[in-house]
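# Chain and residue survey
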Amino acid sequence: MASKLENPFSMRFVLPEQRELYLSMKEDDKLVSMPILEQDEMESFQYVLRDAAREDYPVTVSWWKPVKGTLGTTCTMWGVVKWIDQNGRRIKLVTDEDSQWIPMDSITKIQV
């Protein structure tokens, strides 16, 4: 059985502010810092993205999204690369329901 310190909601009275603070602290525990990638990994990402855009085949892209300062979450999306913006350093990934502009500098993984 969990003690009252491990599960504060087992106590009889909890203020809504306390509950919100506890939940936000638990969400902060899930945040990660941006992974550091080698130069050759980033170059291979650009090659795969260029090839996927030219040949029009789907890829799975994972990227880091900042939430609080240097901490953030990793997002993943599957789709087709429709546009590569070289000046803005971003790509447009399109699915059947959605489209998303993803910064090229925050991409952490690409799967074909």
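Scroll up to find the structure this text is about.
Quantities reported herein were computed from a predicted structural model and do not represent experimental measurements.

Formed by 14 residues in total, the largest nonpolar core has its most connected members in Leu49, Val59, Val61, Leu93, Ile102, Ile107 and Ile110. Contributions of two or more residues to this core are made by α2 (39–55), β2 (58–68), β3 (71–85), β4 (90–94) and β6 (107–111). When neighbours within four sequence positions are excluded, valine 61 is seen to be in contact with Cys75, Thr76, Met77, Leu93, Ile102, Ile107, Lys109 and Ile110.

Moving on, we get to the side chain of serine 106. Position of serine 106 relative to the elements: it lies in the loop between β5 (99–103) and β6. For serine 106, a relative accessible area of 9% gives the class buried. Setting aside chain neighbours within four positions, we find serine 106 in contact with Met34, Ser62, Trp63 and Trp64.

Here β4 shows a buried face lined by Ile91 and Leu93 and an unburied face lined by Arg90, Lys92 and Val94. Across 5 bridges, β3 lies against β4 in antiparallel orientation. By the bridge assignment, valine 80 is partnered in β4 with valine 94. Connecting the antiparallel pair β3 and β4 is a turn made up of 4 residues, with arginine 89 showing a positive phi of about 50 degrees.

What follows is about the environment of valine 67. Among the secondary structure elements, valine 67 is positioned in strand β2. When neighbours within four sequence positions are excluded, valine 67 is seen to be in contact with Leu31, Gly72 and Thr73.

Okay, the packing of aromatic side chains next. Each aromatic ring pair is characterised by the separation of its centres together with the angle its planes make. As enumerated under the stated definition, the model contains 0 aromatic pairs in all. Taking NZ or CZ as reference, arginine 90 lies 3.9 Å from the ring centre of tryptophan 101, over its face.

Before going further, it helps to spend a moment on the pattern of salt bridges. Counted by the stated rule, this structure contains 3 salt bridges. Ionic pairing is found between lysine 82 and aspartate 56, a salt bridge with its closest N-O pair at 3.3 Å. Taken together, the positions of lysine 82 in strand β3 and aspartate 56 in the loop between α2 and β2 put the pair 26 residues apart, joining distant regions of the chain. Of the charged contacts, one joins aspartate 85 and arginine 90 as a salt bridge, the two residues approaching to 3.2 Å between their closest N and O atoms. Aspartate 85 gets classed as buried once you look at its relative accessible area, which sits at 19%. Owing to a relative accessible area of 32%, arginine 90 belongs among the partly exposed residues under this scheme.

Along the chain, glutamate 55 turns up in helix α2. With relative accessibility at 49%, the residue glutamate 55 sits in the partly exposed group. Taking the C-alpha atoms as reference, glutamate 55 lies 9.5 Å from valine 81; in sequence the two are 26 residues apart.

So, on to unusual backbone geometry. At aspartate 56, a residue that is not glycine, the phi angle is positive and equals roughly 60 degrees. You can call aspartate 56 partly exposed: its relative accessible area is 45%. Phi is positive for arginine 89, close to 50 degrees, though the residue is something other than glycine. You can see arginine 89 is positioned in the loop between β3 and β4.

Cut-off values and rules
Residues numbered from 1 in each chain as written. Predicted model: local features only at pLDDT ≥ 70, side-chain atom pairs only at ≥ 80, totals over all residues. Heavy atoms only, no water. Core = buried A, V, L, I, M, F, W, Y, C linked by side-chain atoms within 4.5 Å. Buried < 20%, exposed > 50% of the residue type's maximum accessible area, 1.4 Å probe, protein only. Helix = DSSP H or I, 4+ residues; strand = E, 2+ residues; numbered from the N terminus. Contact = heavy atoms within 4.5 Å. Pairing = 2+ DSSP bridges. Phe/Tyr/Trp six-rings, centres within 6.5 Å; stacked < 30°, edge-to-face > 60°. Lys NZ or Arg CZ within 6 Å of the ring centre and 35° of its normal. Salt bridge = Lys/Arg side-chain N within 4 Å of Asp/Glu carboxyl O.

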